[in-house]
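Next come the chains, spelled out residue by residue.
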Amino acid sequence: MVSQIQPINLHADRLFSADPKMRELSRALYKTVADLPIISPHGHTDPSWFANNECFKNATELLIIPDHYVFRMLYSQGIQLEELGIPRIDGGQVETDYLKIWRIFAAHYHLFHATPSRMWMDYVFSEVFGFTETLCLANADDYYHKINQQLNSDAFKPRALLKRFNIELLATTEGATDPLKHHAKIKADGLNQTVITTFRPDDVVDPNIPNFLGNIQNLAEQTGEDVHTWQGYLNALRNRRAFFRAHGATATDHGHPSALTADLSGVECEKLFATVLSGDASAQQKELFRAQMLTEMAGMSAEDGMVMQIHPGSRRNHNKQVFEKFGLDKGCDIPGRTDFVDSLRPLLARYGTEKDLRIILFTLDESVYARELAPLAGHYPCLKLGPAWWFHDSPEGMLRYRHNVTETAGFYNTVGFNDDTRAFLSIPSRHDVARRIDCRFLAQLVAEHRLTESAAFDLAYDLSYRLAKEAYQLTK
Amino acid sequence: MVSQIQPINLHADRLFSADPKMRELSRALYKTVADLPIISPHGHTDPSWFANNECFKNATELLIIPDHYVFRMLYSQGIQLEELGIPRIDGGQVETDYLKIWRIFAAHYHLFHATPSRMWMDYVFSEVFGFTETLCLANADDYYHKINQQLNSDAFKPRALLKRFNIELLATTEGATDPLKHHAKIKADGLNQTVITTFRPDDVVDPNIPNFLGNIQNLAEQTGEDVHTWQGYLNALRNRRAFFRAHGATATDHGHPSALTADLSGVECEKLFATVLSGDASAQQKELFRAQMLTEMAGMSAEDGMVMQIHPGSRRNHNKQVFEKFGLDKGCDIPGRTDFVDSLRPLLARYGTEKDLRIILFTLDESVYARELAPLAGHYPCLKLGPAWWFHDSPEGMLRYRHNVTETAGFYNTVGFNDDTRAFLSIPSRHDVARRIDCRFLAQLVAEHRLTESAAFDLAYDLSYRLAKEAYQLTK
Amino acid sequence: MVSQIQPINLHADRLFSADPKMRELSRALYKTVADLPIISPHGHTDPSWFANNECFKNATELLIIPDHYVFRMLYSQGIQLEELGIPRIDGGQVETDYLKIWRIFAAHYHLFHATPSRMWMDYVFSEVFGFTETLCLANADDYYHKINQQLNSDAFKPRALLKRFNIELLATTEGATDPLKHHAKIKADGLNQTVITTFRPDDVVDPNIPNFLGNIQNLAEQTGEDVHTWQGYLNALRNRRAFFRAHGATATDHGHPSALTADLSGVECEKLFATVLSGDASAQQKELFRAQMLTEMAGMSAEDGMVMQIHPGSRRNHNKQVFEKFGLDKGCDIPGRTDFVDSLRPLLARYGTEKDLRIILFTLDESVYARELAPLAGHYPCLKLGPAWWFHDSPEGMLRYRHNVTETAGFYNTVGFNDDTRAFLSIPSRHDVARRIDCRFLAQLVAEHRLTESAAFDLAYDLSYRLAKEAYQLTK
């Protein structure tokens, strides 16, 4: 283990190929996109930050406790989640000394060598907070105090950071029955050209979600619809979609266990919905219901023009003990094999040629990039490919994405970058990684005479900025 | 989007690594194979071209309308197939102004950036038609007229192009009941050392094929066999195989949805065949019948020495609306996950050690390269690996193929390149891409001291020319 | 084919990138690990070699006949196993002229171009036996005689080679009922700090193993337990684990067809075990029994601290004819698709957070690296990833492993290299390949400014030496 203090590893040429010709081209391309505004059309930041514009409180609370990328790695090496201050469901005791937690993180910073978390963190420390030395146990306290000091200043309030980060647009994600009061405040304060919401109806379409029936009831109260009939339920969803659009939403998001879709008859839908509401649905019936609901959502998108995002394939809460003690989103969601080609067929047979339908597909199963997703997106006008997602939102993951997808789908059936993060401070670093990797990929194509330099410059702009705006209909 | 006119991007070093050492080695290797004759042992050109030797008529008709790689990409970006002149099944109206269609293609040429279609097209425009400027809307009319003019000349007649392209051998593919009259004419004209057929019995072994029963009836009439008995049916197939061999065929081809094989008893076969003929077979029984027929075909190959090609894994006609309006082969065949290791077991248990059996396997599911196909081909004497296929017939696809297959299967269990195309004019460009990529791969091995230079030169020749001739038994 | 004699291709920079910057870094890193002692914590060498310390007899008998990597490739090109002296089960005649077999190997040495077997063999010929010319038919006899001459000397006795190869620790693998008499001799001779055993209970937990019931009977006799009750059977296994630990074992190994685990109730276990013992278990019940036994073994590892290795996914004896004639391990074990995320869930739900449990996972299905294994190992404290295995124990395979695994699991959830070989003489070459590839990977990260040089030097040591010792608890 290295013990002496090291400078932060944030070289101007990081992530570019070592080959001098490719590096030079990468640099030239990157220079033209490095300072473009950030379009962040899919993410999980907390809208209350932008509504209330209060100071973030503490380095540990902001950078470690909510970041499952960070604490899962520490946990994998034997550090208990309690030691890291992760709140227990039962309110049981966990570490509350934030400095102590910060020191654990600092002492184990080497675990993150060559991971994207390390690259994002180093960027945040250097570019956002102005550190020049790599975090280690020796400087952990200094880091902690200096970060807290800065967080406490006006310059580090959420709205100031939005500006400093050059974020042109940021979409948060809210559940179907969220009252969107933070977004109402954001709108009242005139920030609604910058911060918008996204409609995520999983809570009211997935019978496996805890309190599903309560959510349905909530939906009834919010919309005045009789949600116990199939048509009333669909109307309630239409109603909420309109409500979300009124708060800026241009897109919906669907986080299903699989990409399965169905196209049942009206009668079958009514029957299945009744079974689901009865609470007696089998696992198979629940899966079928989710499948049917993806098709219904596609139908509504064809009506109201909202862009539909499908994020399938995560086996959530794989670690039973951690889930029971700490709840959701604790770094134990593990991807599984995911089929798209057969699964999407019913939806596409029904709505695949609708003129105004746009669906953006994401995957955690990279084996489908070249085999299924690129051929699908390279054919269906309604399908586009979202960027490399989650575990694959990384330099290697992005390179695999471009290498596997481009030859069949081209560039223009992809939609630019999503940061998909709740870690607000890391947003610039994530877009920076994506821009660098795209420039590197383009540079390789040019260096190997597979693309002209002039096309590469156009594409660098498109991939960094234009395609995201267009795909999410943010151009108005 | 670039608006000014650009030179065609067809650099002498295209597709070679940017690394100077590897590039130099690639160049040296490529120089020795660039002008070797073309062996095209598997493809879909129209034999009437070579039989009748008439001029091709029109740029659009030759280069766009039959090329599903091209029109699927335009369709994916919202251009209707009707606008591109793709004929409708119902004879409904589609665009007939070929210049107008050509202009649409030219205006959207940027969609093909970094795709193999673009690379093939640029080669055809430059090397076959002599253009020096990249196609764009500004020069679309000029392109169109100059291509048409050249197509109208003797030098661009099919047989002249066969010579000009230095094609030593070209195999077309015909269904089992095809009368092979074009091949008879080719033979009569003494061109049968250059253009041969391939026996593709899908029409009479896959009960899902439209008019399957009619095809069986046809088979009866052509062979005089009682095709309503299992043995009569098999004899009819033997008869047709002999007929194809008499027209030059050295190989068969099988395009099944999966690689499933079966080895049923004689009694079970008779019963299954009767069910299939009755038209009452379930989806499962049809799959089982195809599976049994792969094994039967392997048995016949062991008898008559025809090389058996298996091309599994395409989910055909995925876009229901397009299929219903425009029919087969419209760019909406999407690959799916494909198993080989369990699927081929029954066939291999029966015939896997037959001395004269040779089976060439292809896949659309690259995840099986290193996991299943290379270990299978690196063991069974009857199995060889076909080149990267369809969506993977591309620079990146070919590199993945070599990187994943070589360490376990070696080079000598692979069979050189197949262009698999109906786009006759692109054949030289496709072989050129394959030769360049193979030289690039070999150059890397040499540069990293994993292969001697002398072995690399031998292998460049083998991969470009010798292995294809040997694998398809074209050496007589 | 090259006919003139060539020098052996064993360049000092082999396997490093051709890029000058990366090569220089690779060299610098490699220099610090090239001479580290070898830790070989998982392999299949014959313990009688080290117990008896007799001379190896013959080049063919040592290097060809037991090496299924070698003879499967020759077999794939039409050479019969009988011609290679592979013993038949029925004692039928096979070639016994070892020089003649050696000549066949030499004449076909080109088949191994760019395979790991070729690289290992060239290293053995050059570094172990001192040859300078590449093996070919012309020098085959000379090679054969010089190897035999050297094998006959004291310097080439197994214990001398252990020292010469700088092997600090070597683990062999024995079945649960093996009396371990060779290891007793090794211990008596004081070599038990260097050569240890590993507990592999497949023979007594997998009902598909030939003579499974006989093995259970054997277990009863060795342990005095009533193995016909579920608890007696488990106790017998505990007993054997202790016996193996007394002969140095720190680990167990499990070679199941799949990674399926189960967590049945005690009553269900008793019933299932009775069915299995009755010999009437269905294929499904046998799979369920293996699944339950993986969970039981994890439970015992949590008790006794033995490191559990799971090697799933090989479809054994795929070639029926070869299996029937020649038996197990004849190069016809073919990998298949393997799921981990759902399969391991029952075991992990039961024991996944046990403090003293350590499980090392291996795979033959590379599609799970980034999708399943890295996320699992990057979360569960009990899970670590074994190195690239079997067909993937190769330069390309190792690179794919690092590129796919590192960003999510980091380096410290991996366990260094395993050679997994029965080819004793190739052990240094295999570790050399692994060290070179790891240095190459680290060099790339440094050259692209994704890792500091100082971290890379630490990691080169860790990956080459420290992690293996720690993961297999060899540090005492």
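As the structure is a computational prediction, the values presented were derived from the model and not from experiment. (Residues numbered from 1 in each chain as written. Chains lettered and ligands numbered in written order. Predicted model: local features only at pLDDT ≥ 70, side-chain atom pairs only at ≥ 80, totals over all residues. Heavy atoms only, no water.)

Regarding the packing of aromatic side chains
Moving on, step 1. All told, the structure shown has 99 aromatic pairs over all chains when counted by the stated rule.
Moving on, step 2. Pairing Tyr69 of chain C with Trp120 of chain C gives two aromatic rings, centres 5.5 Å apart and planes at 80 degrees, and the pair type is edge-to-face. With Tyr69 of chain C in helix α4 (residues 68–76) and Trp120 of chain C in helix α6 (residues 116–128), the pair connects residues that are 51 residues apart, well separated along the chain.
Moving on, step 3. On the accessibility criterion, Tyr69 of chain C (15% relative accessible area) is buried.
Moving on, step 4. Members of the aromatic cluster, each reached through a chain of ring pairs, are Trp102, Phe105, Tyr109, Phe112, Phe125, Phe131, Tyr143 and Tyr144 of chain A.
Moving on, step 5. Across from the ring centre of Tyr69 of chain B, 5.7 Å away, lies the NZ or CZ of Arg430 of chain B, which sits over that ring.
Moving on, step 6. When the ring centre of Tyr30 of chain C is taken as origin, the NZ or CZ atom of Arg436 of chain C, which lies over that ring, is 4.2 Å away. (Phe/Tyr/Trp six-rings, centres within 6.5 Å; stacked < 30°, edge-to-face > 60°. Helix = DSSP H or I, 4+ residues; strand = E, 2+ residues; numbered from the N terminus. Buried < 20%, exposed > 50% of the residue type's maximum accessible area, 1.4 Å probe, protein only. Lys NZ or Arg CZ within 6 Å of the ring centre and 35° of its normal.)

Details of the relation of the copies chain A and chain B
Moving on, step 1. Mapping chain A onto chain B calls for a rotation angle of 120 degrees and an axial translation of 0.0 Å; the resulting RMSD is 0.0 Å. Accordingly, the operation relating the two chain copies is best matched by a three-fold axis. (Least-squares fit on C-alpha atoms with pLDDT ≥ 70 in both.)

Digging into empty space enclosed by the protein
Moving on, step 1. One number sums up the size of the second largest cavity: a volume of about 170 Å³.
Moving on, step 2. As for the second largest cavity, its lining consists of 16 residues, of which Arg450 and Leu451 of chain A together with Ala114, Arg118 and Met119 of chain B are closest to the centre.
Moving on, step 3. Looking at the lining of the second largest cavity residue by residue, the class counts come to seven nonpolar, five polar and four charged. (1 Å grid on protein atoms, 1.4 Å probe; cavity = no way out; pocket = protein on both sides within 12 Å on 5 of 7 lines; lining within 4 Å. Points joined across faces, edges and corners; volume = space filled by probe spheres on them. Nonpolar A, V, L, I, M, F, W, Y, C, P; charged D, E, K, R; others polar.)

Topic: the sheet that holds strand β2 (residues 167–171) of chain A
Residue and element names in this part refer to chain A.
Moving on, step 1. Read across the open sheet, the three strands follow the order β1-β2-β4; overall the sheet is parallel. Because the sheet does not close on itself, it has two edges, and the strands there are β1 (38–40) and β4 (195–196).
Moving on, step 2. Taken together, the three bridges between β1 and β2 define a ladder with parallel strand orientation. From the neighbouring strand, Ile38 faces β2, where its bridge partner is Ile167. (Pairing = 2+ DSSP bridges.)

Considerations on the side chain of Asp202 of chain B
Residues and elements named next belong to chain B.
Moving on, step 1. As for its placement among the helices and strands, Asp202 is situated in helix α10 (residues 202–205).
Moving on, step 2. Judged by its relative accessible area of 7%, Asp202 falls in the buried class.
Moving on, step 3. The residues touching Asp202, leaving out its near neighbours within four places in the chain, are Ile209, Asp253, His254, Gly255 and His256. (Contact = heavy atoms within 4.5 Å.)

Considering the environment of Arg315 of chain A
Moving on, step 1. Relative to the assigned elements, Arg315 of chain A resides in strand β8 (residues 314–315).
Moving on, step 2. Sequence-wise, Arg315 of chain A and Ser48 of chain A are 267 residues apart; in three dimensions their C-alpha atoms are separated by 29 Å.
Moving on, step 3. For Arg315 of chain A, the residues in contact, after removing those within four places along its chain, are Pro257, Cys332, Asp333, Ile334, Pro335, Gly336, Arg337 and Thr338 of chain A together with Val341, Asp342 and Arg345 of chain C.

Some thoughts on helix α19 (residues 427–447) of chain A
All names here are of chain A.
Moving on, step 1. For α19, spanning 21 residues, the distance from its first C-alpha to its last is 30 Å, which sits close to the expected 30 Å at 1.5 Å a residue.
Moving on, step 2. Within α19, 21 of the 21 residues are buried, leaving the element largely enclosed by the surrounding structure.
Moving on, step 3. Directly after α19, the chain includes His449, whose backbone phi takes a positive value near 60 degrees. (Expected span 1.5 Å × (residues − 1).)

Some remarks on the domain arrangement of chain A
Residues and elements named next belong to chain A.
Moving on, step 1. Split by domain assignment, chain A resolves into domain 1 (20–53 + 157–471) and domain 2 (55–156).
Moving on, step 2. On a C-alpha basis, the centres of domain 1 and domain 2 stand 28 Å from each other.
Moving on, step 3. Between domain 1 and domain 2, the buried area comes to about 2600 Å², and carbon and sulfur atoms account for 68% of it.
Moving on, step 4. Area buried by domain 1 at its contact with domain 2 is led by Lys157, Phe326 and Leu425, which between them contribute 25% of it.
Moving on, step 5. Our count for the domain 1 to domain 2 interface comes out at two salt bridges.
Moving on, step 6. Lys157 serves as the salt-bridge partner of Asp154, at 3.2 Å between the closest nitrogen and oxygen.
Moving on, step 7. Put simply, domain 1 and domain 2 have seven residue pairs in polar contact (both at pLDDT 80 or more) between them.
Moving on, step 8. Of all the elements in the fold, those that place two or more residues in the side of domain 1 that touches domain 2 are α8 (158–164), α15 (320–326) and α19.
Moving on, step 9. When grouped by side-chain class, the residues that make up the side of domain 1 that touches domain 2 number 15 nonpolar, seven polar and 10 charged. (Domains from an automatic or database assignment. Buried area = accessible area lost by both parts, 1.4 Å probe. Salt bridge = Lys/Arg side-chain N within 4 Å of Asp/Glu carboxyl O. Polar contact = N/O pair within 3.5 Å; in protein donor to acceptor, adjacent residues only side chain to side chain.)

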